[in-house]
Amino acid sequence: MSFSWLLETDSKSLRSVNGSRRNSGSSLVSSSSASSNLSHLEEDSWILWGRIVNEWEEVRKKKEKQLKELVRKGIPHHFRAIVWQLLCNAQNMPIKDQYSELLKMTSPCEKLIRRDIARTYPEHEFFKEKDSLGQEVLFNVMKAYSLVDREVGYCQGSAFIVGLLLMQMPEEEAFCVFVKLMQDYRLRELFKPSMAELGLCMYQFECMIQEQLPELHVHFQAQSFHTSMYASSWFLTIFLTSFPLPVATRIFDIFMCEGLEIVFRVGMAILQMNQAELIQLDMEGMLQHFQKVIPHQLDSGPDKVIQAAYQVKYNAKKMKKLEKEYTTIKTKEMEEQVEIKRLRTENRLLKQRIDTLEKESASLADRLIQGQVTRAQEAEENYLVKRELATVKQQNEEASVQLEQAQSTIRQLQQQQSQAKSNPRYTEEFILQLERELVQARLKEAESQCALKEMQDKILDMEKRNTSLPDENNVVRLQEELIGVKLREAEALTGLKELRQQVRDLEEHWQRHLARTAGRWKDSPRKNTVSELQDELMSVRLREAEAQAELRETRQRMLELETQNQIHSNQLRRSEQEAKRLQECLQVLTNQNKALQAELQERKRKQAEIECKNKEEVMAVRLREADNMAAMAELQQQISELEIQKEEGKVQGQLNNTDSSQYIRDLKDQIAELKHEIRCLKGQRGLPDPPNFDGIHIVNHYVPDDEPYQSSDEDAVKIPHLLESHPRGNRITLHPNLEDSDSDGDSDSMGLQLSVPPNPSHKTTTV
């Protein structure tokens, strides 16, 4: 009989028992004949699962789908132990050898495990007896795992899974399978103290209800019936605490093969089957329905609910997406919780700071009020002293007046005495009485002087006391010292009260001790022993009281040191604040200095620009003046030429004996026109008289009569041409000077000399 034939035969037999007929050509699920009996099916199932176990690796690789179908139909009871180990790969685990060593160790969770052992399967024969074998092996497995995984330790609910494993296999193998389930089947994340994986499962399951059963989801929301109220135990115990044990065992078979997916499917199937009844119930009714009604619905067997479970839509990709959404939500919640915690901490610290500041403010106010009251009292005393001083001064003045009167009276009496010598009318008794009155008057004067001096001393004392009063700068220091003194006083009062109470207690014990020792000689030895023990107890209490007194003294010293530390800290803080203020002032002054320097630089720059503009304007004015002077020199030159021409005309007229009057008149007209133009220029420029010409001079040379002076129109044009030929900026001067043409001096020459200051490109020109 081949292995594939056994698979096919078993599938046919099982489907015939269930009454379902389905055609399938090459799959495991096919129709079977109704004539097969149950014993034959059991025998075939045993043979089939035995072959599967023997050829497990090949079946797991090549016929995984057919294996899942068989597991969904249930694993035979006698094969569950080995098949569960094969499904989770728990065979030959190294940790199995450590199990015996783990049992010898002590776990911190032992008390919790012992407490919950009796609650695990309380009606099952293997676990219901106290200290039975079942409870002992269950405790061993739970203790061993709590030592292996100290982060998880022990969690309620995990004992039901271990109990089911112990019903199928020995404790060492159950321990290995449980370790595999925790590591590879997400159970470890479910049982962690934070139970983050359980929250994720609840979120995914609720989203499936919202999508596939929207009416029921709306009803749950209206009744505030959260998913965790009924479904958390489904995921933590794989239905072991909610369904009958046979049904839960069948579901656990599928869980070992497919994981937590079966829990989602079965949960949705249960809700679909009971949707109509749940919609009609309130919260309490729904809880009762989940706890009592639903378990009885499964008494007939698990086939119906398993078949309905595989009709449920389950999308693994969508579940991954929901997992990401839940992670994002939880991350935001954690960030918000951290922020809230930080804000609460800051709020608490601020409240403590506010309380401290309020206490300090109250103490400062008390101190200030006390200082003001003290100053008012001192002012009142000062006022009273001033009044007494004024009274004493008045009394002094009155005494002075009386003294003067007495002195005048004495003088009168002396005069009368001198007269009495000549006329002895006054007796010696009258003179003695007057002397006594004088002595009394002087005594009163001395007393007044002493009282005045005392008043002055009091005034000086009051002034010293006023100067010794705390000013505003010392108020803070005095307040801090007052706070420290009050704290030490309160601590001392508390310690004093406690010491007084202890003294009273010791006195009572001592009185009782005296009362007991008074009749000790009458008591029995046993009572004497008790009395001795009581005496020792009394001495111990006395030593304890001494130790407590020393402790109080030490605390008092520590409180004083803390107060001094606080005062020094406050002084340091004020010093830091003052230094910070000075630094800020320095920074402000530095910034102001920089701003002033920048402003100074800007002013200097503007001043330099203004000076440069002024120089340019002065240069332009000087250039214009030079142009004007050059024009005037040109006009003067023309006048000189015309006069020379006039003289030449006269000479030629005399020589030629011709009438040159008309020519002379023309020359005079031209000279007059030129002079008019000069006067116009002078009126426009406001220049001084032209003979000086600002360094421009005309030199007249006289030539001898025997040497005629030749003049022509070309000579008249030379000076303007020279003026135009030199660029601006070159100074042109006409020098009037008398120079001898020869060393004899017997002949004079008359001419014009035009000179230009030294320049690399120009030389002096003479006409």
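Residues numbered from 1 in each chain as written. Predicted model: local features only at pLDDT ≥ 70, side-chain atom pairs only at ≥ 80, totals over all residues. Heavy atoms only, no water.

## Remarks on the overall build of the protein
For clarity, the cut-off: Starting at the N terminus, helices and strands are each numbered in turn, a helix being any DSSP run of H or I of at least four residues and a strand any DSSP run of E of at least two. Relative accessibility decides the category of a residue: with a 1.4 Å probe and only protein chains considered, values under 20% of the type maximum give buried, values over 50% give exposed, and everything between is partly exposed. It only takes one pair of heavy atoms within 4.5 Å for two residues to be counted as in contact. Each accessible area is a Shrake-Rupley result for a 1.4 Å probe, and residues are judged covered by the shown protein chains and nothing else.
Secondary structure summary: the protein contains 25 helices and 3 strands in total. When each of the 767 residues of the protein is scored for burial, the buried share is 34%. Counting only contacts in the protein whose residues sit at least 6 apart along the sequence, the fraction spanning at least 24 positions is 74%. Carbon and sulfur atoms make up 51% of the accessible area of the protein, which amounts to about 49900 Å² in all.

## A few points about the packing of helix α12 (residues 196-212) against helix α13 (residues 214-222)
Going by this rule: For helices, the axis comes from a line fit to the C-alpha atoms of the stretch in contact; other axes are also lines fit to C-alpha atoms, and the angle between any two N-to-C directions lies between 0 and 180 degrees. Every angle not falling under 35 degrees, over 145, or within 65 to 115 is termed oblique; those three ranges are roughly parallel, roughly antiparallel and roughly perpendicular. The nonpolar class holds Ala, Val, Leu, Ile, Met, Phe, Trp, Tyr, Cys and Pro. Asp, Glu, Lys and Arg form the charged class, and all remaining residues, Gly among them, are polar.
Direction vectors running N to C along α12 and α13 enclose 120°, while the axes themselves pass 5 Å from each other. Considering their axes alone, α12 and α13 lie oblique with respect to each other. Between α12, through E206, I209, Q210, E211 and Q212, and α13, the contact on the second element is made entirely by P214, H217 and Q221. Looking at side-chain class alone, the contact of α12 with α13 contains 2 nonpolar, 4 polar and 2 charged residues.

## Remarks on helix α8 (residues 133-148)
Note the threshold: What a helix should span is 1.5 Å times the count of its residues minus one.
Taking 1.5 Å of rise per residue, the 16 residues of α8 would be expected to cover 22 Å, and the 23 Å separating its terminal C-alpha atoms lies within 8% of that figure. With 13 of 16 residues buried, α8 lies mostly within the body of the structure.

## Observations regarding the packing of aromatic side chains
Spelled out, the test is: Aromatic contacts are taken between Phe, Tyr and Trp rings whose centres are within 6.5 Å, Trp giving its six-membered ring; a plane angle under 30 degrees counts as stacked, one over 60 as edge-to-face, and the others as tilted. Whether a charge lies above a ring is judged from NZ of Lys or CZ of Arg, which has to be within 6 Å of the ring centre and within 35 degrees of the ring normal.
Evaluated as defined, the whole model comprises 24 aromatic pairs. Between F205 and W234 the ring centres are 6.2 Å apart and the planes differ by 85°, which places this aromatic pair in the edge-to-face class. Of the two residues, F205 sits in helix α12 while W234 sits in helix α14 (residues 228-237), which places them 29 residues apart along the sequence. For the pair F205 and W234, a shared accessibility class is recorded, and that class is buried. Through a chain of ring-to-ring contacts, the aromatic side chains of F205, F220, F225, Y230, W234, F235, F239, F243, F264, F290 and Y314 assemble into a single cluster. Here R114 stacks its cationic end above the ring of F139, 3.7 Å away from the centre of that ring.

## Quick notes on the pattern of salt bridges
A side chain with one charge can pair with a side chain of the opposite charge if their charged atoms come near. Spelled out, the test is: A side-chain nitrogen of Lys or Arg and a carboxyl oxygen of Asp or Glu constitute a salt bridge if their distance falls within 4 Å.
Counted according to the given criterion, the structure contains 26 salt bridges. With a closest N to O distance of 2.5 Å, E211 and K318 form a salt bridge. Of this pair, E211 sits in helix α12 while K318 sits in helix α20 (residues 316-422), placing them 107 residues apart in sequence. Among the residues examined, K318 registers a relative accessible area of 35% and is labelled partly exposed.

## Describing a negative patch on the surface
Where we set the bar: Residues enter patches when their relative accessible area tops 30% and they take part in no salt bridge; the joining distance is 9 Å for like charges and 5 Å for the nonpolar side chains Val, Leu, Ile, Met, Phe, Trp and Tyr. For the purpose of charge, His is not counted, nor are the chain termini; Lys and Arg are scored as positive and Asp and Glu as negative. Charge placement uses NZ in Lys and CZ in Arg. For Asp and Glu, CG and CD serve respectively.
A cluster of acidic side chains, namely D666, D669, E673 and E677, defines a negative patch on the protein surface. A relative accessible area of 36% places D666 in the partly exposed class.

## Quick notes on the environment of A144
By the secondary structure assignment, A144 is in helix α8. Measuring from C-alpha to C-alpha, the distance between A144 and L103 comes to 6.1 Å, with 41 residues separating the pair along the chain. In this structure, A144 is in contact with Y99, L102 and F175, ignoring residues within four places of it in sequence.

## Quick notes on the packing of α12 against helix α16 (residues 261-273)
Short version of the rule: Should the near helix be turned anticlockwise from the far one by less than a right angle, the crossing is left-handed, and should it be turned clockwise, the crossing is right-handed.
Put simply, α12 and α16 touch, their axes get as near as 11 Å, and they point 40° apart. Between α12 and α16, the interaxial angle falls into the category oblique. The handedness of the crossing between α12 and α16 is right-handed. On the side of α12, the interface is formed by C201, Q204, F205, M208, I209 and Q212, while α16 contributes F264, G267, M268, L271 and Q272.

## A word on the environment of E397
Residue position: E397 is located in helix α20. When the C-alpha atoms of E397 and S448 are compared, they prove to be 9.5 Å apart, with 51 residues separating the residues in sequence.

## Let's talk about the confidence of the model for the protein
This is how it is decided: For every residue, the predictor reports its confidence as pLDDT, a number between 0 and 100.
When pLDDT is averaged along the protein, the result is 76, and 75% of the positions lie at 70 or above. Strand β3 (residues 765-766) is the least confidently modelled element of the protein, averaging 34 in pLDDT, while α16 averages 94, the highest of any element. Ignoring residues within four places in sequence, the model shows residues 687-767, a span with pLDDT below 50, making 132 contacts including any to other chains.

## Topic: the side chain of R80
In plain terms, the rule: Polar contacts, as counted here, are pairs of nitrogen or oxygen atoms within 3.5 Å of one another; within protein the pair requires one atom able to donate a hydrogen and one able to accept it, and residues that are adjacent in sequence qualify only if both atoms are side-chain atoms.
Of note, R80 is situated in helix α5 (residues 80-87). Within the local environment of R80, its side chain forms a polar contact with the backbone oxygen of I75, the two atoms lying 3.5 Å apart. When residues no more than four places from it in sequence are discounted, the contact partners of R80 are I75, Q168, T249, R250 and D253.

## Concerning unusual backbone geometry
It is generally the case that most residues other than glycine have a negative phi and that most peptide bonds are trans. A positive phi is found at Y121, a non-glycine position, where the angle reads about 45°. In this fold, Y121 is placed in the loop between α7 (110-117) and α8. Phi at D131 is positive, roughly 55°, even though this residue is not glycine. With respect to the helices and strands, the residue D131 is situated in the loop between α7 and α8. Taking the relative accessible area as the measure of exposure, D131 reaches 62% and is therefore exposed.

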